[in-house]
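Listed below are the residues making up each chain.
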Amino acid sequence: MFETLDTLTPESILGLLAAFRADPAPGKIDLGVGVYRNEQGITPVMKAVRLAEQAVYADQDSKSYLGPMGNDAFNTSICNLVLGAGHAALAAARARAFQSPGGCGALRLGAELIRKAGSAGTVVHVSDPTWANHVPLLTGAGIRIASYPYYDAATGEVRFQAMMDYIDALSPGAVVLLHGSCHNPTGADLSPAQWQLLVDVLARRQLVPFVDFAYQGLGVGVEADALGARLVAEKLPEALIALSCSKNFGLYRERVGALIVVSQDAAQLEAAMSHLRAISRGIYSMPPDHGAAVVARILGDASLAEVWRNELSQMQARMRTLRVDLTRALRQACPDRDFSAIERQHGMFSLLNLSPAAVDHLRETHHIYMPQNGRINVAGLDPNAIAVLSAAIAALPSALR
Ligand SMILES: Cc1ncc(COP(=O)(O)O)c(C=O)c1O
(Lines give C-alpha, C1' and ligand atoms only; values in the text may rest on other atoms or scores of the structure.)
Protein backbone atom coordinates (compact mmCIF):
# COMPACT_ATOMS: atom_id res chain seq x y z
CA MET A 1 0.00 0.00 0.00
CA PHE A 2 2.77 2.51 0.81
CA GLU A 3 4.13 2.27 -2.73
CA THR A 4 1.37 4.75 -3.62
CA LEU A 5 2.88 7.41 -1.34
CA ASP A 6 5.41 10.03 -2.38
CA THR A 7 7.72 11.30 0.32
CA LEU A 8 6.58 14.76 1.39
CA THR A 9 9.10 17.56 1.70
CA PRO A 10 9.44 18.40 5.42
CA GLU A 11 7.26 21.26 6.70
CA SER A 12 9.36 24.38 6.14
CA ILE A 13 10.07 25.08 9.82
CA LEU A 14 11.13 21.46 10.44
CA GLY A 15 13.29 21.53 7.30
CA LEU A 16 14.91 24.70 8.62
CA LEU A 17 15.63 23.05 11.97
CA ALA A 18 17.26 20.08 10.20
CA ALA A 19 19.41 22.43 8.08
CA PHE A 20 20.44 24.35 11.23
CA ARG A 21 21.45 21.15 13.02
CA ALA A 22 23.47 19.99 10.01
CA ASP A 23 25.38 23.32 9.72
CA PRO A 24 28.86 22.87 11.30
CA ALA A 25 29.53 26.66 11.58
CA PRO A 26 30.38 27.47 15.22
CA GLY A 27 28.59 30.83 15.36
CA LYS A 28 25.33 29.75 13.69
CA ILE A 29 22.16 31.45 14.94
CA ASP A 30 18.69 29.88 15.04
CA LEU A 31 15.89 32.47 14.95
CA GLY A 32 13.35 30.07 13.47
CA VAL A 33 12.31 27.80 16.28
CA GLY A 34 9.05 28.74 18.04
CA VAL A 35 10.01 28.20 21.67
CA TYR A 36 11.03 30.55 24.46
CA ARG A 37 14.73 30.59 25.30
CA ASN A 38 16.44 32.13 28.33
CA GLU A 39 19.79 33.97 28.46
CA GLN A 40 21.62 30.64 28.29
CA GLY A 41 19.74 29.69 25.13
CA ILE A 42 17.76 27.04 27.04
CA THR A 43 14.01 26.39 27.08
CA PRO A 44 13.79 25.82 30.83
CA VAL A 45 11.37 23.82 32.95
CA MET A 46 9.69 26.59 34.92
CA LYS A 47 10.21 26.59 38.71
CA ALA A 48 6.49 26.37 39.49
CA VAL A 49 6.21 23.41 37.09
CA ARG A 50 9.01 21.51 38.86
CA LEU A 51 7.40 22.11 42.26
CA ALA A 52 3.94 21.17 41.01
CA GLU A 53 5.29 18.02 39.35
CA GLN A 54 6.77 16.87 42.66
CA ALA A 55 3.40 17.45 44.36
CA VAL A 56 1.51 15.64 41.60
CA TYR A 57 3.84 12.63 41.77
CA ALA A 58 3.55 12.51 45.57
CA ASP A 59 -0.27 12.64 45.58
CA GLN A 60 -1.33 10.74 42.48
CA ASP A 61 -2.62 7.31 43.43
CA SER A 62 -4.08 6.20 40.08
CA LYS A 63 -3.47 6.49 36.38
CA SER A 64 -6.96 5.37 35.49
CA TYR A 65 -8.88 7.07 32.65
CA LEU A 66 -10.34 10.52 33.30
CA GLY A 67 -12.63 10.87 30.26
CA PRO A 68 -12.67 12.85 27.01
CA MET A 69 -12.96 16.23 28.74
CA GLY A 70 -9.77 15.56 30.68
CA ASN A 71 -8.96 17.00 34.08
CA ASP A 72 -11.90 18.85 35.74
CA ALA A 73 -9.70 20.92 38.04
CA PHE A 74 -7.65 22.04 35.03
CA ASN A 75 -10.76 22.95 33.03
CA THR A 76 -12.13 25.05 35.88
CA SER A 77 -8.90 26.83 36.71
CA ILE A 78 -7.98 27.54 33.09
CA CYS A 79 -11.37 29.19 32.51
CA ASN A 80 -10.68 31.42 35.49
CA LEU A 81 -7.22 32.27 34.19
CA VAL A 82 -8.36 33.09 30.67
CA LEU A 83 -11.72 34.73 31.33
CA GLY A 84 -11.03 35.97 34.86
CA ALA A 85 -12.80 34.43 37.88
CA GLY A 86 -16.36 35.74 38.10
CA HIS A 87 -16.61 36.54 34.36
CA ALA A 88 -20.26 37.02 33.35
CA ALA A 89 -20.20 34.06 30.91
CA LEU A 90 -18.92 31.75 33.68
CA ALA A 91 -21.48 33.09 36.17
CA ALA A 92 -24.24 32.41 33.60
CA ALA A 93 -22.93 28.85 33.06
CA ARG A 94 -22.58 29.53 29.33
CA ALA A 95 -18.79 29.03 29.08
CA ARG A 96 -16.77 25.92 29.79
CA ALA A 97 -13.36 24.47 28.93
CA PHE A 98 -12.72 21.15 27.20
CA GLN A 99 -9.14 19.98 27.75
CA SER A 100 -7.20 19.22 24.58
CA PRO A 101 -3.76 17.96 23.52
CA GLY A 102 -2.12 21.39 23.27
CA GLY A 103 -3.35 24.46 21.43
CA CYS A 104 -3.24 22.54 18.15
CA GLY A 105 -5.64 19.98 19.61
CA ALA A 106 -7.95 22.81 20.71
CA LEU A 107 -7.87 24.39 17.25
CA ARG A 108 -8.67 21.06 15.63
CA LEU A 109 -11.51 20.36 18.10
CA GLY A 110 -12.91 23.83 17.38
CA ALA A 111 -12.66 23.26 13.62
CA GLU A 112 -14.44 19.90 13.88
CA LEU A 113 -17.18 21.48 16.01
CA ILE A 114 -17.63 24.33 13.52
CA ARG A 115 -17.99 21.83 10.69
CA LYS A 116 -20.53 19.78 12.64
CA ALA A 117 -22.55 22.84 13.56
CA GLY A 118 -22.31 24.57 10.20
CA SER A 119 -23.21 23.53 6.72
CA ALA A 120 -20.66 21.54 4.67
CA GLY A 121 -17.81 23.66 3.39
CA THR A 122 -17.94 26.14 6.27
CA VAL A 123 -15.46 28.98 5.83
CA VAL A 124 -13.19 30.34 8.56
CA HIS A 125 -11.71 33.78 7.90
CA VAL A 126 -8.07 34.04 9.02
CA SER A 127 -5.68 36.98 9.12
CA ASP A 128 -3.29 37.65 6.25
CA PRO A 129 -0.75 36.39 7.20
CA THR A 130 -1.52 33.83 9.86
CA TRP A 131 0.32 31.01 11.61
CA ALA A 132 1.10 28.44 8.90
CA ASN A 133 -0.29 25.52 10.91
CA HIS A 134 -3.79 27.06 10.94
CA VAL A 135 -4.14 25.85 7.37
CA PRO A 136 -3.77 22.07 7.93
CA LEU A 137 -5.53 22.23 11.29
CA LEU A 138 -8.62 23.84 9.75
CA THR A 139 -8.67 22.33 6.28
CA GLY A 140 -8.02 18.87 7.72
CA ALA A 141 -11.42 19.19 9.41
CA GLY A 142 -13.08 20.04 6.10
CA ILE A 143 -13.11 23.80 6.65
CA ARG A 144 -12.36 26.22 3.84
CA ILE A 145 -10.17 29.23 4.55
CA ALA A 146 -10.47 32.84 3.44
CA SER A 147 -8.14 35.68 4.44
CA TYR A 148 -8.90 39.12 5.83
CA PRO A 149 -6.40 41.97 5.50
CA TYR A 150 -4.34 42.27 8.66
CA TYR A 151 -0.69 43.25 8.38
CA ASP A 152 0.97 46.17 6.68
CA ALA A 153 4.55 45.05 5.96
CA ALA A 154 5.65 48.62 5.21
CA THR A 155 4.67 50.02 8.63
CA GLY A 156 4.66 46.85 10.74
CA GLU A 157 1.17 47.82 11.98
CA VAL A 158 -2.29 46.25 11.75
CA ARG A 159 -4.35 47.36 8.71
CA PHE A 160 -7.20 47.92 11.09
CA GLN A 161 -9.61 49.79 8.83
CA ALA A 162 -9.18 47.28 5.99
CA MET A 163 -9.71 44.44 8.45
CA MET A 164 -12.87 46.07 9.82
CA ASP A 165 -14.24 46.75 6.33
CA TYR A 166 -13.77 43.09 5.41
CA ILE A 167 -15.33 41.78 8.61
CA ASP A 168 -18.22 44.25 8.39
CA ALA A 169 -19.16 42.72 5.02
CA LEU A 170 -19.37 39.09 6.26
CA SER A 171 -22.68 37.24 6.45
CA PRO A 172 -24.20 36.34 9.83
CA GLY A 173 -22.77 33.14 11.29
CA ALA A 174 -19.35 33.52 9.60
CA VAL A 175 -16.41 32.44 11.76
CA VAL A 176 -13.44 34.81 12.20
CA LEU A 177 -10.18 33.45 13.57
CA LEU A 178 -8.40 36.04 15.74
CA HIS A 179 -5.07 35.88 17.57
CA GLY A 180 -5.74 36.65 21.24
CA SER A 181 -2.30 38.25 21.72
CA CYS A 182 1.23 38.04 20.32
CA HIS A 183 0.10 37.58 16.72
CA ASN A 184 2.06 34.82 14.99
CA PRO A 185 3.96 35.56 12.73
CA THR A 186 3.80 39.38 12.83
CA GLY A 187 3.80 40.40 16.54
CA ALA A 188 1.34 43.16 15.54
CA ASP A 189 -1.58 43.10 17.99
CA LEU A 190 -4.85 44.98 18.23
CA SER A 191 -4.92 47.77 20.81
CA PRO A 192 -7.57 47.64 23.57
CA ALA A 193 -9.59 50.30 21.71
CA GLN A 194 -9.40 48.28 18.48
CA TRP A 195 -10.62 45.14 20.28
CA GLN A 196 -13.66 47.12 21.50
CA LEU A 197 -14.47 48.31 17.98
CA LEU A 198 -13.94 44.83 16.53
CA VAL A 199 -16.21 43.19 19.09
CA ASP A 200 -18.94 45.76 18.30
CA VAL A 201 -18.79 44.78 14.61
CA LEU A 202 -18.71 41.05 15.41
CA ALA A 203 -21.84 41.52 17.54
CA ARG A 204 -23.66 43.71 15.01
CA ARG A 205 -22.92 41.32 12.13
CA GLN A 206 -23.70 38.23 14.27
CA LEU A 207 -20.30 36.69 13.61
CA VAL A 208 -18.56 33.98 15.62
CA PRO A 209 -15.01 34.69 16.84
CA PHE A 210 -12.58 31.79 17.13
CA VAL A 211 -9.75 33.14 19.27
CA ASP A 212 -6.37 31.40 19.11
CA PHE A 213 -4.84 32.23 22.47
CA ALA A 214 -1.41 30.60 22.70
CA TYR A 215 0.64 33.31 24.42
CA GLN A 216 -1.23 34.59 27.49
CA GLY A 217 1.25 36.52 29.64
CA LEU A 218 3.98 36.81 27.02
CA GLY A 219 2.71 39.99 25.33
CA VAL A 220 1.91 42.70 27.86
CA GLY A 221 0.84 40.61 30.89
CA VAL A 222 -1.51 37.82 31.97
CA GLU A 223 -4.54 40.08 32.43
CA ALA A 224 -3.90 42.58 29.64
CA ASP A 225 -3.31 39.83 27.06
CA ALA A 226 -6.69 38.28 27.89
CA LEU A 227 -8.66 41.42 27.01
CA GLY A 228 -9.84 40.20 23.59
CA ALA A 229 -10.84 36.73 24.84
CA ARG A 230 -12.69 38.24 27.79
CA LEU A 231 -14.49 40.81 25.64
CA VAL A 232 -15.76 38.31 23.07
CA ALA A 233 -16.97 36.00 25.86
CA GLU A 234 -18.79 38.89 27.50
CA LYS A 235 -20.34 40.66 24.52
CA LEU A 236 -21.12 37.86 22.09
CA PRO A 237 -23.58 35.00 22.35
CA GLU A 238 -21.14 32.49 20.89
CA ALA A 239 -17.35 32.21 20.72
CA LEU A 240 -14.59 29.63 20.72
CA ILE A 241 -11.25 30.17 22.46
CA ALA A 242 -8.40 27.74 21.71
CA LEU A 243 -5.74 28.07 24.35
CA SER A 244 -2.33 26.57 24.83
CA CYS A 245 -0.19 26.11 27.94
CA SER A 246 2.86 25.22 25.82
CA LYS A 247 4.56 28.61 25.97
CA ASN A 248 3.31 30.30 29.16
CA PHE A 249 3.84 27.19 31.32
CA GLY A 250 6.75 25.87 29.21
CA LEU A 251 4.87 22.56 28.89
CA TYR A 252 5.37 22.13 25.13
CA ARG A 253 5.88 18.37 24.97
CA GLU A 254 3.28 17.59 27.63
CA ARG A 255 0.55 18.75 25.23
CA VAL A 256 -1.72 20.93 27.41
CA GLY A 257 -4.46 23.16 26.06
CA ALA A 258 -8.22 23.59 26.04
CA LEU A 259 -11.08 24.74 23.89
CA ILE A 260 -13.32 27.15 25.79
CA VAL A 261 -16.81 27.16 24.31
CA VAL A 262 -19.00 30.19 24.93
CA SER A 263 -22.63 29.59 24.11
CA GLN A 264 -26.01 31.35 24.23
CA ASP A 265 -27.13 29.37 27.27
CA ALA A 266 -26.32 26.33 29.40
CA ALA A 267 -28.42 23.94 27.28
CA GLN A 268 -26.64 24.82 24.02
CA LEU A 269 -23.32 24.64 25.84
CA GLU A 270 -24.07 21.08 26.95
CA ALA A 271 -25.02 20.17 23.37
CA ALA A 272 -21.68 21.53 22.11
CA MET A 273 -19.80 19.67 24.88
CA SER A 274 -21.54 16.42 23.94
CA HIS A 275 -20.31 16.83 20.36
CA LEU A 276 -16.78 17.61 21.54
CA ARG A 277 -16.84 14.42 23.61
CA ALA A 278 -17.82 12.47 20.50
CA ILE A 279 -15.17 14.24 18.37
CA SER A 280 -12.35 13.60 20.83
CA ARG A 281 -13.42 9.95 21.26
CA GLY A 282 -13.17 9.57 17.50
CA ILE A 283 -9.69 11.10 17.19
CA TYR A 284 -7.58 10.49 20.31
CA SER A 285 -10.18 9.50 22.92
CA MET A 286 -8.74 11.48 25.85
CA PRO A 287 -6.07 14.13 26.34
CA PRO A 288 -2.88 13.35 28.29
CA ASP A 289 -3.21 14.23 31.98
CA HIS A 290 0.21 15.02 33.36
CA GLY A 291 0.64 18.59 32.11
CA ALA A 292 -2.96 19.47 32.90
CA ALA A 293 -2.57 18.12 36.43
CA VAL A 294 0.53 20.30 36.81
CA VAL A 295 -1.25 23.43 35.58
CA ALA A 296 -4.24 22.72 37.85
CA ARG A 297 -1.87 22.32 40.79
CA ILE A 298 -0.12 25.62 40.04
CA LEU A 299 -3.30 27.61 39.55
CA GLY A 300 -4.97 26.01 42.59
CA ASP A 301 -2.17 26.97 44.98
CA ALA A 302 -1.71 30.69 45.65
CA SER A 303 2.02 30.45 46.39
CA LEU A 304 2.79 28.28 43.34
CA ALA A 305 0.66 30.58 41.19
CA GLU A 306 2.74 33.51 42.37
CA VAL A 307 6.00 31.73 41.55
CA TRP A 308 4.60 31.03 38.06
CA ARG A 309 3.35 34.58 37.48
CA ASN A 310 6.73 36.02 38.52
CA GLU A 311 8.71 33.77 36.21
CA LEU A 312 6.31 34.39 33.33
CA SER A 313 6.61 38.13 33.81
CA GLN A 314 10.42 37.82 33.76
CA MET A 315 10.14 35.97 30.44
CA GLN A 316 7.85 38.70 29.09
CA ALA A 317 10.25 41.42 30.30
CA ARG A 318 13.24 39.67 28.71
CA MET A 319 11.53 39.63 25.32
CA ARG A 320 10.59 43.28 25.70
CA THR A 321 14.23 44.18 26.42
CA LEU A 322 15.40 42.13 23.44
CA ARG A 323 12.93 43.98 21.22
CA VAL A 324 14.26 47.35 22.41
CA ASP A 325 17.89 46.25 21.99
CA LEU A 326 17.31 44.78 18.52
CA THR A 327 15.50 47.89 17.33
CA ARG A 328 18.32 50.10 18.59
CA ALA A 329 20.99 47.94 16.95
CA LEU A 330 19.12 47.85 13.62
CA ARG A 331 18.57 51.62 13.74
CA GLN A 332 22.32 52.14 14.14
CA ALA A 333 23.36 49.55 11.55
CA CYS A 334 20.73 50.41 8.93
CA PRO A 335 19.77 54.09 9.36
CA ASP A 336 18.05 54.05 5.96
CA ARG A 337 15.45 51.47 7.06
CA ASP A 338 12.68 51.66 9.63
CA PHE A 339 12.61 48.72 12.04
CA SER A 340 10.86 50.64 14.83
CA ALA A 341 7.72 48.46 14.70
CA ILE A 342 9.68 45.59 16.27
CA GLU A 343 9.77 47.59 19.49
CA ARG A 344 6.01 48.21 19.41
CA GLN A 345 5.08 44.61 18.58
CA HIS A 346 4.44 41.88 21.14
CA GLY A 347 5.39 38.33 21.95
CA MET A 348 7.92 35.98 20.44
CA PHE A 349 7.66 36.84 16.76
CA SER A 350 8.22 39.67 14.30
CA LEU A 351 8.65 39.77 10.54
CA LEU A 352 11.87 41.42 9.36
CA ASN A 353 10.38 42.45 6.01
CA LEU A 354 13.19 40.74 4.09
CA SER A 355 12.84 39.11 0.68
CA PRO A 356 13.19 35.30 0.44
CA ALA A 357 16.48 35.89 -1.42
CA ALA A 358 17.75 38.01 1.48
CA VAL A 359 16.72 35.29 3.96
CA ASP A 360 18.67 32.74 1.88
CA HIS A 361 21.69 35.05 1.79
CA LEU A 362 21.65 35.49 5.60
CA ARG A 363 21.59 31.72 6.02
CA GLU A 364 24.20 30.88 3.38
CA THR A 365 26.63 33.70 4.16
CA HIS A 366 26.11 34.41 7.87
CA HIS A 367 24.59 31.11 9.15
CA ILE A 368 21.51 32.96 10.48
CA TYR A 369 18.43 30.77 10.17
CA MET A 370 14.84 31.99 9.84
CA PRO A 371 11.85 30.85 7.76
CA GLN A 372 11.39 32.22 4.24
CA ASN A 373 8.87 34.84 5.40
CA GLY A 374 11.60 36.52 7.52
CA ARG A 375 9.93 35.67 10.84
CA ILE A 376 12.32 35.84 13.76
CA ASN A 377 11.84 34.43 17.23
CA VAL A 378 12.85 37.34 19.45
CA ALA A 379 13.45 34.91 22.33
CA GLY A 380 16.16 33.23 20.23
CA LEU A 381 18.28 36.41 20.38
CA ASP A 382 21.09 37.37 22.73
CA PRO A 383 23.48 40.37 22.60
CA ASN A 384 25.86 38.57 20.23
CA ALA A 385 23.03 37.45 17.89
CA ILE A 386 21.64 41.01 17.86
CA ALA A 387 25.03 42.39 16.78
CA VAL A 388 25.60 39.68 14.15
CA LEU A 389 22.07 39.96 12.73
CA SER A 390 22.14 43.77 12.50
CA ALA A 391 25.55 43.78 10.83
CA ALA A 392 24.46 41.06 8.39
CA ILE A 393 21.32 42.98 7.38
CA ALA A 394 23.38 46.16 6.95
CA ALA A 395 25.80 44.21 4.74
CA LEU A 396 23.10 42.74 2.46
CA PRO A 397 24.02 43.28 -1.21
CA SER A 398 22.03 46.19 -2.58
CA ALA A 399 20.10 43.87 -4.95
CA LEU A 400 18.73 42.04 -1.91
CA ARG A 401 17.79 45.03 0.25
C1 LIG B 1 -0.49 30.91 17.00
C2 LIG B 1 -0.35 29.58 17.66
N3 LIG B 1 -1.46 28.91 17.96
C4 LIG B 1 -1.40 27.72 18.57
C5 LIG B 1 -0.20 27.13 18.87
C6 LIG B 1 -0.31 25.79 19.51
O7 LIG B 1 0.72 25.25 20.17
P8 LIG B 1 0.68 23.85 20.90
O9 LIG B 1 -0.17 22.90 20.13
O10 LIG B 1 2.09 23.44 20.94
O11 LIG B 1 0.10 24.09 22.27
C12 LIG B 1 0.99 27.80 18.55
C13 LIG B 1 2.31 27.20 18.79
O14 LIG B 1 3.31 27.54 18.24
C15 LIG B 1 0.90 29.06 17.93
O16 LIG B 1 1.99 29.77 17.60
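Residues numbered from 1 in each chain as written. Predicted model: local features only at pLDDT ≥ 70, side-chain atom pairs only at ≥ 80, totals over all residues.

What follows covers the sheet that holds strand 7 (residues 175–179). Strands sit in the order 2-10-9-8-7-3-4 across an open sheet of 7 strands; the sheet is mixed. The strands lining the two open edges of the sheet, one partner per strand, are strand 2 (95–100) and strand 4 (144–149). This sheet shows a mean twist of 25° between the axes of neighbouring strands, independent of strand direction. (Pairing = 2+ DSSP bridges. Helix = DSSP H or I, 4+ residues; strand = E, 2+ residues; numbered from the N terminus. Axes fitted to C-alpha atoms, helices over the stretch in contact; angles between N-to-C directions.)

Let us now look at the site of the ligand. Every residue lining the ligand is accounted for by Gly34, Gly102, Gly103, Cys104, Trp131, Asn184, Asp212, Ala214, Ser244, Ser246, Tyr252 and Gly257. Ranked by residue count, the leading element in the shell around the ligand is helix 5 (residues 102–117), at 3 residues. Looking at the shell around the ligand residue by residue, the class counts come to 4 nonpolar, 7 polar and 1 charged. (Near = placed C-beta within 6 Å. Nonpolar A, V, L, I, M, F, W, Y, C, P; charged D, E, K, R; others polar.)

A few words now on the nonpolar core. By size, the foremost hydrophobic cluster in this structure holds 114 residues, and its most contacted members are Val82, Ile241, Leu259, Ile260 and Val295. The biggest single contributor to this core is helix 13 (residues 302–333), with 8 residues. Shared between two domains, this core holds at least three residues of each, these being domain 1 (10–42 + 317–396) and domain 2 (65–300). (Core = buried A, V, L, I, M, F, W, Y, C linked by C-beta atoms within 7 Å. Buried ≥ 20, exposed ≤ 12 C-beta atoms within 10 Å, placed from the backbone. Domains from an automatic or database assignment.)

Turning our attention to the pairing of strand 7. In the case of a regular strand, side chains alternate between the two sheet surfaces. The buried fraction of strand 7 amounts to 5 of the 5 residues, a majority that puts the element mostly inside the structure. In strand 7, alternate side chains face the same way, and those of Val175, Leu177 and His179 on one face and Val176 and Leu178 on the other are all buried. The pairing of strand 3 (residues 123–128) with strand 7 spans 2 bridges and is parallel. Paired with His125 across the two strands is Val176, which belongs to strand 7. Viewed along the sheet, the connection from strand 7 through helix 8 (residues 192–204) into strand 8 (residues 208–213) turns out right-handed. (Right-handed = clockwise from strand over helix to strand, strands pointing away.)

A few words on helix 3 (residues 72–83). Between its first and last C-alpha atoms helix 3 spans 16 Å; for 12 residues at 1.5 Å apiece the expected length is 16 Å, and the two agree. If you check which residues of helix 3 are buried, you get Phe74, Ser77, Ile78, Cys79, Leu81, Val82 and Leu83. At the exit of helix 3 stands Gly84, carrying a positive phi of roughly 90°. (Expected span 1.5 Å × (residues − 1).)

A separate point is the domain arrangement of the protein chain. As far as domains go, the protein chain holds domain 1 (10–42 + 317–396) and domain 2 (65–300). Counting residues at the interface gives 14 residues for domain 1 and 20 residues for domain 2. In terms of residue count, the dominant contributor to the side of domain 1 that touches domain 2 is strand 11 (residues 349–351) (3 residues). Residue composition of the side of domain 1 that touches domain 2, grouped by class: 7 nonpolar, 6 polar and 1 charged. (Contact = placed C-beta atoms within 7 Å.)

Glancing now at the environment of Pro26. Summarising the element assignment, Pro26 is placed in the loop between helix 1 (12–22) and strand 1 (29–30). Each C-alpha atom of the pair Pro26 and Met273 lies 52 Å from the other, and the pair is 247 residues apart in sequence.

With that out of the way, let us pick up unusual backbone geometry. Cis geometry marks the peptide bond from Asp128 to Pro129, where omega comes out at 5°. Relative to the helices and strands, Pro129 resides in the loop between strand 3 and helix 6 (134–139). Residue Pro185 is bonded to the preceding Asn184 through a cis peptide linkage, with omega at 20°. When you line up the elements, Pro185 lands in the loop between strand 7 and helix 8.

The residue Leu396 is located in the segment after helix 16 (383–394) in this model. Judged by the 18 C-beta atoms lying within 10 Å of it, Leu396 is partly exposed. C-alpha separation for the pair Leu396 and Thr186, spaced 210 residues apart in sequence, amounts to 22 Å. Ignoring sequence-local partners within four residues, the contact set of Leu396 consists of Ala358, His361 and Arg401.

Let's shift gears to the packing of helix 5 against helix 11 (residues 266–283). At a closest axis distance of 10 Å, the pairing of helix 5 and helix 11 adopts a crossing angle of 120°. Crossing geometry of helix 5 relative to helix 11 is assigned as right-handed. Of the residues in helix 11, those in contact with Leu109, Glu112, Leu113 and Lys116 of helix 5 are Ala272, His275, Leu276, Ile279 and Ser280. Of the residues contributing to the contact of helix 5 with helix 11, the split by class is 5 nonpolar, 2 polar and 2 charged. (Left-handed = near helix turned anticlockwise from the far one by under 90°.)

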